Amino acid sequence: MGIRRGEVEMEEKTYPIPKGLLEGKGSELFDHVSESLKDFLQEKNISLEKKHPLAFTFSFPCEQSSLSQGLLLSWSKNVRARGVLGKDVVQALREAIDRTGGMNVEVLAMVNDTVATMMTCGFEDRRCEVGLIVGTGTNACYMEELRHIDLVEGDEGRMCVNTDWGAFGDDGALKDVITEYDREVDAASNNAGRQIFEKMVSGMYLGELVRLVVLKMARLGLLFDGHVSDALKTKGKITTAHVAAMEETKNGLKNTRSILMGLNLTPSQNDCVAVQHVGTIVSFRSSNLVAAGLAAILTQIQRNRNLRTFRVSVGVDGTVYKTHPQYPKRLHKVLKRLLPECRVRFILSNSGSSKGAALVTAVAQRLASQKQKVDETLSLFRLSYQQLQVVKARMRAGMEAGLRREGRSELKMLPSFVYNSPDGTEHGKYLAFDLRGTNFKALLVNFKNGLQKAELYNKIYTIPPEMMQGPGAELFDHIAECVSDFLDYMGIKNLGLPAGFIFPFPCKQTAIDAGTLVCWTKGFKTTDCEGHDVVKMLQEAIKRRKEFELDITALVNDTVGTMMSCAYEDPQCEVGLIVGAGSNVCYMEELRNIETEQRDGNEEGGTDGAKTTGVAEVERMCINTEWGGLGEAGSLDDIITPSDVEVDQNSVNPEKQRFEKLTSGMYLGEVVRHTLLDLTRQGLLFRGRVTDALKTPGIIQTKYLSQIERDRLALLQVRSILQRLGLDSTCDDSIIVKEVCGAVSHRAAQLCGAGISAVIDKIRENRGLDHFDVTVGVEGKLYKLHPHFSRVLQETVRVLSPQCRVTFLPSEEGRMKGAALITAGVRQMKM
Ligand code: GLC
Ligand code: GLC
């Protein structure tokens, strides 16, 4: 079949199936099908080399898990080929096609004949939402709401359901309407006890029912003067075609006579009238039952849509409906009586089952090619094991270069001047301040021999967004004002408590309480700060207020604070990871590997770091890697996608923090948005319409990613999230959006995993260990709130670092406690 702009061209040929094959070996039946197919291609001069998409109408009950797979549940009608039950019939056909050989066809879809009929009629009439067959067998399908279909995930939109209603009554539900003749038909069939409804309705059985009634009447002496012929006693001698002929308006009686005479009977005029009447009763019952079944289906549709009155079309096929002279009229009339509020149009389908199947295939093919294009775009985000190994190796190389202070290394590897883990002897009151993105947090801790029983008080202040871009003095004046307010609030203004200052940006420290900002990250662009000592800047701002003094004892990166608070709980914690708005890691490095620039003009570096601590035996210092910078010199260029380039170019720090832009909450939503833009421009999403909403930077925040990717989240909910963002989406769009989010966040988690793996293997090798148990303290919303991020990250580490056993310890706002612990440590001369 060729389909072009709503027009269909068809060529067809019918191949009979020899009766033996219907009851023989399944593979032989399928061989016959595929040989007929080849014959057809040859006869119609259809290229055997070119690839043809093929649809398979298979008119038996199958459980489908997709359009191109169906397990045969049971045979019906007169077929019972061996070895097919429970098997995938699409696969069986594919194998037969391979056995036949010499053709290039791809079986894309399998449909039931009812479904194909509905599709064919739906091609011309949008309202066609029911398919009906009354032929050799009987069955109906209809459009059901997805939310009612347990076997299929998703709860929006509709799907066509094949009722296979022929089996109605198999559980005894028709007990009270079944007659002795039905029981006899059933007993003599090759599927006794099954397809009870079908046996009362369909063409395969109507003639037989009439024969049994007529036979019984003759035996009772009510017909043919009690004469019974051998032919009348023989199964199958009266067919449905006979029944149809008997009921012809003009010649019905004449036909009846000749049919009976053909059975070696000599009917009187009264006999003929009576037999004709039997035919009418049997076929009338059939159309009544079909009307009842249809009424049930239509009522279901009506309820699903909450309609009082509605219009619907039913596509019909099947010999009984098509050839029996009275059948359609009776069916329509009874249906109208059962459902007066519903206007039903019946559409007769021509070659419906093959045409409809081809239409389904055409749609399937279009969807498949769209899916392929989406997959191509998303494949750029999928990293192989090899690629992750490469990222790990580059991270490691970046760490080494950074430690050696070689040229402009991608990783800054900043010394933190934090040497030891907290030991639980901390006591007294300490302050901690934390400059976050949009807020500033103040904390007062009262240690009572360690953190366990410490009392904590905190307050959060907002940072107006314009301060992220304005002059530095303004930002620090604002911070000083927050500090002042907090000290007032706690009533501790004149106590001169020591404070730890968490400044979650790369700072080049020369001591625990001094450090110049190397560069802003995470969207900050405040002027006059880079290259300045941030501790001094805060102190100067406080001085300008002339109301109190603050003793800033420690300048702390957020990763370091996190590691320290986790180390308090678990001494094996030697790594601190943040995956929130930004992405960064710190870890314990051997002093011998660290070059530091000390304050007081001591620039010798090396283990001198230990001297200022007052603790002789320290061997390690915590290093803030600033791994977000990986890729700044091009080392990630081979995995960076066009969307990543867009995100980078549109950021306030282009070319900087490339790894961070692939892995942190501040950027993932934007990577998703640019990918959605790309797919939309390709016409694969949002009907190809690039809306203003989609063009709005920042519209997809990372928290939405976390929501959208929740496992059991129904598409309807994805759609409502998108709708709230102003992105009107169909059900298919929602699926694609979810896939994009998944690809982007999965990659982020894998990359962080590769990074962690580089870090822990370095620690392991530093210590010459074959096996290393280590704990990673983690903070950040992406890690904590995203449904899959932590799992994927951990799996990646497991695969890439088989010699390490890693425990991930999520920290609850630990960074500030960690900063307070560090401050206490410095005060108690342990750092
Ligand atoms: C039988 C089959 C069903 C098919 C119908 C009409 O009832 O079980 O799948 O649709 O016949 O061919
Ligand atoms: C950015 C900062 C870094 C910080 C991280 C997490 O990468 O440069 O210092 O640790 O964000 O907040």
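Rules used throughout
Counting from 1, residues in each chain are numbered in the order their sequence is written. Starting at A for chains and at 1 for ligands, labels are handed out in the order in which the entities are written. Selection of residues for local features in this predicted model requires a pLDDT of at least 70, selection of side-chain atom pairs for listing and counting requires 80 or more, and totals for whole chains, interfaces and linings are taken over all residues. Excluded from the side-chain calculations are hydrogens and water; all other atoms, namely the structure's heavy atoms, are used. We define proximity as follows: a residue is near a molecule or strand when any one of its heavy atoms falls within 4 Å of that partner. A 3.5 Å cut-off defines polar contacts: any pair of N or O atoms within that distance qualifies, except that in protein one atom must be a possible hydrogen donor and the other a possible acceptor, and neighbouring residues in sequence count only when both atoms are side-chain atoms. Helix and strand definitions follow DSSP, with helices as H or I runs of at least four residues and strands as E runs of at least two, each counted in order from the N terminus. Three classes are used: nonpolar for Ala, Val, Leu, Ile, Met, Phe, Trp, Tyr, Cys and Pro, charged for Asp, Glu, Lys and Arg, and polar for all others, with Gly counted as polar. Given a helix with a known number of residues, its expected span is that number minus one, times 1.5 Å. Under the scheme applied here, a residue whose accessible area is under 20% of the maximum for its type counts as buried, over 50% as exposed, and between as partly exposed, the area being computed with a 1.4 Å probe on protein chains only. Definition of nonpolar core: a set of buried residues of the types Ala, Val, Leu, Ile, Met, Phe, Trp, Tyr and Cys, connected through side-chain atoms within 4.5 Å. We call two residues in contact whenever any of their non-hydrogen atoms come within 4.5 Å of each other. Between any two strands, at least two bridges found by DSSP are needed for them to pair. Lines fitted to C-alpha atoms define the axes, with helix axes restricted to the stretch in contact, and inter-axis angles between N-to-C directions lie between 0 and 180 degrees. UniProt positions are given in the numbering used here, feature names are shortened, and annotations may be inferred rather than shown by experiment. Surface accessibility in these figures is a Shrake-Rupley result with a 1.4 Å probe; residues are shielded only by whichever protein chains are displayed.

Going by the annotation in an unreviewed UniProt entry, the name recorded for the protein is hexokinase, with Solea senegalensis given as the source organism.

What follows covers the site of ligand 2. Around ligand 2 there are 15 residues in total, and Lys522, Asn557, Asp558, Glu626 and Glu660 lie nearest to it. Glu660 is positioned with one of its side-chain polar atoms (N or O) 2.3 Å from an oxygen atom of ligand 2. Of all the secondary structure elements, the ones that give two or more residues to the shell around ligand 2 are α18 (558-569) and β21 (583-590). The residue inventory of the shell around ligand 2, partitioned by class, reads four nonpolar, seven polar and four charged.

Next up on the list: helix α25 (residues 731-766). Across its 36 residues, α25 extends 53 Å between first and last C-alpha, which sits within 8% of the 52 Å expected from 1.5 Å per residue. Burial analysis of α25 places 29 of its 36 residues in the buried class, the great majority of the element. Phi turns positive one or two residues past the end of α25, at Gly768, with a value near 60°.

What follows deals with the nonpolar core. If you look at the biggest cluster of nonpolar residues, it comprises 112 residues, and the most contacted ones within it are Val575 and Ile756. At 16 residues, the largest contribution of residues to this core is made by α25. Every residue in contact with Ile756, bar those within four places of it in the chain, is listed here: Val575, Leu577, Val585, Trp627, Val776, Val797 and Phe808. In this structure, Phe224, Ile259, Leu294 and Ile297 belong to the second largest nonpolar core, which totals 59 residues.

Okay, the sheet that holds strand β7 (residues 128-134) next. Strands sit in the order β9-β8-β7-β10-β11 across an open sheet of five strands; the sheet is mixed. Pairing within the sheet leaves two strands with one partner each, and these edge strands are β9 (158-162) and β11 (342-348). In this sheet, neighbouring strand axes are inclined to one another by 25° on average, regardless of whether the strands run parallel or antiparallel. Bridge count for strand β10 (residues 310-317) against β11 is seven bridges, and the pairing is parallel. Of the residues in β11, the one forming a bridge with Val316 is Leu348. Its contacts with the sheet put helix α4 (residues 113-124) on β7, β8 (138-145), β9, β10 and β11, and the angle it makes with β7 is roughly 130°.

Our next topic: the environment of Lys322. Note that Lys322 resides in helix α12 (residues 319-323). For the pair Lys322 and Val134, spaced 188 residues apart in the sequence, the C-alpha separation amounts to 8.5 Å. Beyond its immediate sequence surroundings of up to four residues, Lys322 is in contact with Asp317, Leu348, Ser349 and Asn350. In terms of polar contacts, Lys322 uses its side chain to reach the backbone carbonyl oxygen of Ser349, at 3.1 Å.

UniProt records the feature "domain: Hexokinase N-terminal" (unreviewed entry) at residues 6-122 and 374-568, using the numbering of this structure. Taken end to end, residues 374-568 is 34% helix and 25% strand, and its two terminal C-alpha atoms sit 47 Å from one another.

Turning our eyes to something else, we now look at the site of ligand 1. Around ligand 1, the structure places 15 residues, and the nearest of them are Lys77, Asp113, Asn139, Asp164 and Glu198. A distance of 3.2 Å separates an oxygen atom of ligand 1 from a polar backbone atom of Thr138. Glu198 is positioned such that a nitrogen or oxygen atom in its side chain is 2.4 Å from an oxygen atom of ligand 1. Out of a free accessible area of 310 Å², ligand 1 has 98% covered by protein chains.

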